[in-house]
Amino acid sequence: QVELVESGGGLVQAGGSLRLSCAAPGRPFSRYRMGWFRQAPGQEREFVGAVTRTGNSTYSTVSVKGRFTISRDNAKNTVYLQMNSLKPEDTAVYYCAADVSATGRSTMISSYDYWGQGTQVTVSS
């Protein structure tokens with residue numbers, strides 16, 4: 001079992017920024033592909049972005065390109081989601097997830113083995 005601990009959510013005005021963190025203490029973090037997903041009220045959970053094991057490559061959904069940046073620090077067992085130019089439609093619970101095999105599509109929920117508890121992000125207009 002891998003515990004993922006998220007932090008950094010909160011309330012921000014439109015146009016503002018937040019940085020989410022997801023830590024996996026005591027785990028071989030560099031072995032996992034890491035992803036971020038979000039779920040708005042009444043909506044299905046959706047892919048936000050992912051980062052490869054080494055951090056050399058990142059992927060993100062079209063709606064956040066140019067605004068959100070994913071990065072990781074394997075020495076700190078932590079992955080980050082820097083969110084800039086936030087919009088009210090970014091309001092959701094954000095989840096980080098760990099993919100052990102990294103063989104499936106990074107955009108698919110079913111590719112991930114472990115999930116964080118979620119952190120609320122609310123963007124006011």
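These remarks concern the structure in this document.

Analysis parameters
- Residues numbered from 1 in each chain as written.
- Predicted model: local features only at pLDDT ≥ 70, side-chain atom pairs only at ≥ 80, totals over all residues.
- Heavy atoms only, no water.
- Helix = DSSP H or I, 4+ residues; strand = E, 2+ residues; numbered from the N terminus.
- Buried < 20%, exposed > 50% of the residue type's maximum accessible area, 1.4 Å probe, protein only.
- Polar contact = N/O pair within 3.5 Å; in protein donor to acceptor, adjacent residues only side chain to side chain.
- Contact = heavy atoms within 4.5 Å.
- Pairing = 2+ DSSP bridges.
- Axes fitted to C-alpha atoms, helices over the stretch in contact; angles between N-to-C directions.
- Salt bridge = Lys/Arg side-chain N within 4 Å of Asp/Glu carboxyl O.

## Focus on the side chain of Arg38
Relative to the assigned elements, Arg38 resides in strand 4 (residues 33-39). For Arg38, a relative accessible area of 6% corresponds to the buried category. Separated by 2.7 Å, the side chains of Arg38 and Glu46 make a polar contact. Polar side-chain contacts of Arg38 include one of 3.0 Å to the side chain of Tyr94. In contact with Arg38, not counting residues within four places along its chain, are Glu44, Arg45, Glu46, Val48, Ser63, Val64, Phe68, Asp90, Ala92, Val93 and Tyr94.

## A word on the environment of Arg45
Here Arg45 shows up in the loop between strand 4 and strand 5 (46-51). With residues near it in sequence (within four places) discarded, Arg45 still touches Phe37, Arg38, Gln39, Tyr95, Ile109 and Trp115. Polar contacts involving the side chain of Arg45 include one to the side chain of Gln39, which spans 3.4 Å.

## Describing the environment of Asp99
The topology assignment puts Asp99 in strand 9 (residues 92-99). Through-space distance from the C-alpha of Asp99 to that of Met34 is 6.1 Å; in sequence the pair is 65 residues apart. With residues near it in sequence (within four places) discarded, Asp99 still touches Arg31, Tyr32, Arg33, Ser111, Tyr112 and Asp113. Within polar-contact distance, the side chain of Asp99 engages the side chain of Arg33 at 2.7 Å. For Asp99, the side chain forms a polar contact with the main-chain nitrogen of Ala102, separated by 2.9 Å.

## Things to note about the sheet that holds strand 3 (residues 18-23)
Strand order in the open sheet formed by 4 strands is 1-3-8-7, and the pairing between neighbours is antiparallel. A strand with exactly one partner marks an edge of an open sheet, and here the two such strands are strand 1 (5-7) and strand 7 (68-73). The mean angle between the axes of side-by-side strands here comes to 15 degrees, regardless of whether they run parallel or antiparallel. Here strand 3 pairs with strand 8 (residues 78-83) via 6 bridges, running antiparallel. The residue of strand 8 that forms the bridge with Leu20 is Leu81.

## Some words on the pattern of salt bridges
One pass over the structure, following the stated rule, counts 4 salt bridges. We note a salt bridge from Arg38 to Glu46, for which the minimum N-O separation is 2.7 Å. Arg38 is paired through a salt bridge with Asp90; the nearest N and O atoms lie 2.9 Å apart. With a gap of 52 residues between them, Arg38 in strand 4 and Asp90 in the loop between strand 8 and strand 9 connect regions that are remote in the sequence. Of the two residues, Arg38 and Asp90, neither departs from the other in class, the shared state being buried. Each of Arg38, Glu46, Arg67 and Asp90 takes part in one network of salt bridges that share partners.

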